[in-house]
Amino acid sequence: VQLVESGGALVQAGGSLRLSCAASGFTFSNHAMSWVRQAPGKGLEWVSFINSGGGSTRYADSVKGRFTISRDNTKNTVYLQMNSLKPEDTAVYYCAARHRATNLPANEYDYWGQGTQVTVSS
């Protein structure tokens, strides 16, 4: 099982980035996907969710209206389009998979990626 994030970079405030997370080793279309971030010295913060079919999405209030999550089940990939970036968006961004019928407690995930660094300069 692998989740491999890419697309992180150093960008100026107000800029945009598109993160990708490529999945392999499991049935991607059976899993809801989330993006979770961790800012320097802080805990994990859930950012966004998309259900297994792609028809339902949710966002943290801190990114609502600026970030868009999407997925392509033919490519086993989930994306996070980030616009109007702010310095407070600086973090390592992780994608995480949760089976649609999992018995895990809420807010836990079956699989995690290794993360990609996003740095927003002011």
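Attention here is on the structure that accompanies the text. (Residues numbered from 1 in each chain as written. Predicted model: local features only at pLDDT ≥ 70, side-chain atom pairs only at ≥ 80, totals over all residues. Heavy atoms only, no water.)

## Topic: the state of the cysteines
Piece 1. Applying the stated criterion to the full structure yields one disulfide.
Piece 2. Linked covalently through their sulfurs, Cys21 and Cys95 form a disulfide whose S-S length is 1.9 Å. Judged by the sign of its S-S torsion, about 50°, the bond between Cys21 and Cys95 is right-handed. Of this pair, Cys21 sits in strand β3 (residues 17-24) while Cys95 is found in strand β9 (residues 91-99), placing the two residues 74 residues apart along the sequence. (Disulfide = S-S within 2.5 Å. Helix = DSSP H or I, 4+ residues; strand = E, 2+ residues; numbered from the N terminus.)

## A few points about the sheet that holds β3
Piece 1. Pairing is antiparallel in the open sheet, where four strands are placed in the order β1-β3-β8-β7. A strand with exactly one partner marks an edge of an open sheet, and here the two such strands are β1 (2-6) and β7 (67-72). Along the sheet, successive strands turn relative to each other by an average axial angle of 15°, direction set aside.
Piece 2. Of the pairings in the sheet, the one linking β7 to strand β8 (residues 77-82) comprises six bridges and is antiparallel in character. If you follow Thr68 over to β8, its bridge partner there is Gln81. (Pairing = 2+ DSSP bridges. Axes fitted to C-alpha atoms, helices over the stretch in contact; angles between N-to-C directions.)

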